Amino acid sequence: MFVSFFPRPRAFFLSVVGWTLLCVALWYGFARGLGGDLGFAPPAEGDVGIQTFWSGSFLWFYGYFAVAVALFYVAWRVIANHPWQNWSILGSALILFITYFQVEISVAVNNWYGPFYDIIQAALSKSRPVEVGEIVNSIVYTFGGLAIMGVTVSVLTAFFVSHYIFRWREAMNDFYMSHWSKLRGVEGASQRVQEDTMRFSTTMETLGVRLIDSVMTLIAFLPILVGLSASVTTLPLIGEVPHALVVAAILWSVVGTAFLALVGIKLPGLEFRNQKVEAAYRKELVMGEDHSDRARPPEVRALFADVRHNYFRLYFHYMYFNVARYVYLQADVIFPFLILAPTIAVGAITLGVMNQIMNAFGQVRSSFQFLVMSWTTIVELISIYKRLRTFEGVIDGELPAPAAPPMAQPAE
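Quick caveat: nothing in here was measured; it's all calculated off a predicted structure. (Residues numbered from 1 in each chain as written. Predicted model: local features only at pLDDT ≥ 70, side-chain atom pairs only at ≥ 80, totals over all residues. Heavy atoms only, no water.)

Caption draft 1: Broad picture of the overall build of the chain. Broken down by element type, the chain carries eleven helices and two strands. Ordering the α and β elements of the chain from the N terminus gives α-α-α-α-α-α-β-β-α-α-α-α-α. C-alpha atoms of the chain, sized along the principal axes, occupy 90 × 50 × 40 Å. Counting all 412 residues of the chain, 42% fall into the buried class. Across the chain, the fraction of contacts at a sequence separation of at least 24, relative to all contacts at a separation of at least 6, is 78%. Carbon and sulfur atoms provide 67% of the accessible area of the chain, an area that totals close to 22,200 Å². With 28 positive and 29 negative side-chain charges, the chain shows a separation of 8 Å between the mean positions of the two kinds. (Helix = DSSP H or I, 4+ residues; strand = E, 2+ residues; numbered from the N terminus. Buried < 20%, exposed > 50% of the residue type's maximum accessible area, 1.4 Å probe, protein only. Contact = heavy atoms within 4.5 Å. Areas by Shrake-Rupley, 256 points an atom, 1.4 Å probe, with all protein chains shown as cover. Lys, Arg positive; Asp, Glu negative; His and termini not counted. Charge placed at Lys NZ, Arg CZ, Asp CG, Glu CD.)

Caption draft 2: Here's a closer look at a positive patch on the surface. Residues Lys266, Arg273, Lys276 and Arg313 make up a contiguous surface patch of positive charge. Tracing the chain through its elements places Lys276 in helix H8 (residues 267-290). Residue Lys276 is classed as partly exposed on the basis of its relative accessible area of 43%. (Patch = residues over 30% accessible without salt bridge, like charges linked within 9 Å, V, L, I, M, F, W, Y side chains within 5 Å. Salt bridge = Lys/Arg side-chain N within 4 Å of Asp/Glu carboxyl O.)

Caption draft 3: Broad picture of unusual backbone geometry. Although it is not a glycine, Arg8 sits at a positive phi angle of roughly 40°. In this structure, Arg8 sits in the segment before helix H1 (9-37). Positive phi outside glycine occurs at His243, with the angle close to 50°. Within the secondary structure layout, His243 lies in the loop between strand E2 (239-240) and helix H7 (244-263).

Caption draft 4: Looking closely at the environment of Leu156. Relative to the helices and strands, Leu156 resides in helix H4 (residues 132-178). A relative accessible area of 54% places Leu156 in the exposed class. Separated by 58 residues in the primary sequence, Leu156 and Ile98 have C-alpha atoms spaced 9.2 Å apart.

Caption draft 5: View of the packing of aromatic side chains. In this structure the tally under the stated criterion is 42 aromatic pairs. Relative to Tyr320, the ring of Phe316 lies with its centre 5.7 Å away and its plane at 75°, an arrangement referred to as edge-to-face. Here the residue Phe316 and the residue Tyr320 both occupy positions in helix H9 (residues 297-345), the gap between them amounting to four residues, near one helical turn. A relative accessible area of 46% means that Phe316 is categorised as partly exposed. (Phe/Tyr/Trp six-rings, centres within 6.5 Å; stacked < 30°, edge-to-face > 60°.)

Caption draft 6: Main features of the nonpolar core. Among the nonpolar cores identified, the biggest contains 53 residues, and Phe53, Leu225 and Leu245 are the most heavily contacted of them. Sorting the residues of this core by element identifies H1, helix H2 (56-79), helix H3 (85-125), H4, helix H6 (189-228), H7, H9 and helix H10 (351-368) as the ones contributing at least two each. Element by element, the count of residues in this core is highest for H3, at twelve residues. Those residues in contact with Phe53 that lie beyond four places of it in its chain are Phe58, Tyr62, Phe101, Glu104, Ile105, Ala108, Leu146 and Met149. Phe5, Ile89, Val193 and Phe370 belong to the second-largest nonpolar core, a separate cluster that totals 33 residues. (Core = buried A, V, L, I, M, F, W, Y, C linked by side-chain atoms within 4.5 Å.)

Caption draft 7: Structural detail: the packing of H7 against H9. Running from N to C, H7 and H9 cross one another at 170°; their axes reach a closest spacing of 10 Å. Here H9 runs roughly antiparallel to H7, going by the angle between their axes. Residues Leu245, Ala248, Trp252, Ser253, Gly256, Phe259, Leu260 and Val263 of H7 form the contact with H9, whose participating residues are Tyr320, Phe321, Ala324, Arg325, Tyr328, Ala331, Asp332, Phe335, Ile339 and Leu340. Across the contact of H7 with H9, the residue classes break down as 14 nonpolar, two polar and two charged. (Axes fitted to C-alpha atoms, helices over the stretch in contact; angles between N-to-C directions. Parallel < 35°, antiparallel > 145°, perpendicular 65-115°, else oblique. Nonpolar A, V, L, I, M, F, W, Y, C, P; charged D, E, K, R; others polar.)

Caption draft 8: Looking closely at the side chain of Glu104. As for its position among the elements, Glu104 is in helix H3. Among buried Asp, Glu, Lys and Arg side chains, Glu104 stands out as unpaired, with Arg32 the closest opposite charge at 9.3 Å. In this structure, Glu104 is in contact with Phe53, Phe58 and Ala220, ignoring residues within four places of it in sequence.

What follows is the structure, given as structure tokens:
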């Protein structure tokens, strides 16, 4: 799965983590300040439109990111040149950058919430004169520009990620087919090469991008939530807590993740078994196409009975898991309002600040809830990984290569 696409996967991913931490440390310890000294100024205070994305500080970061990626790419090209290195390294870096850019658009929208809803509050409370043009300009020019940029980047991201994931599938397909003489005797070999690689790539497309987005969102919005916590110092039933919003988001997300992981603990094993019984049933039917002594009714009934039994078990376990998941998600909708109730009751924040808090809190909370929102997809990925890893065990010599089935004789 990984050897086919990445150079020396274990060392590669360790180097990714190490290089990322080093680049982050250099950025916050030295490079960001150097950009300011060289004249790459940050956006003007109160500027929340799309023009912030080509301000000096943003351009300086783009250049820093490009240099860091280029150095990493050249190093691995020297260490272990890989046929898929352009996609696995440069493609991954581009996805990382675009995801960061999308998150920064979300940050800009969150910054727009404050002044916009303060305008709305001023108009409704008649605390100051508000012209129609002031509201329209804020919506059309400021938010509209950010929305158009966000939609454009999202469409281009989805297009590129789809190609990236298919290249990964292509690399896996080429790798497995180069060892087909060893693998053709493995139960469900054709399914694993064709279907499991397809399912692995599509699941990684969904899960991988969502994970990167969650991490990036957390990095971007956690400092914002820390700053907004200055307006919220008290939590219901607990009292005063430093950085109350951050503490509430973490506790709520951790409790939900642990709760659903416990409730759904049986699902990965059942999904894996489901793939096995489906493969056995499919294989018997395929063999019956070429051999008259295969796929007889008693054998087919027994194999399908296994399929039915496992599906019914899955339906039962997913039933109570979905009850737990939907109850948690419904409670999640009202949780921010409960947290803000004491602060709202005493009028300690404006409507604009409240909307900023709600949005930032939701972004941080949803990032921490990555496992909660993705649990069923993770379960599916685990089952696919187990099947392909068993497949690769034959290539690596960890498992004996089974005898290949006899070739069908051509009709005379």
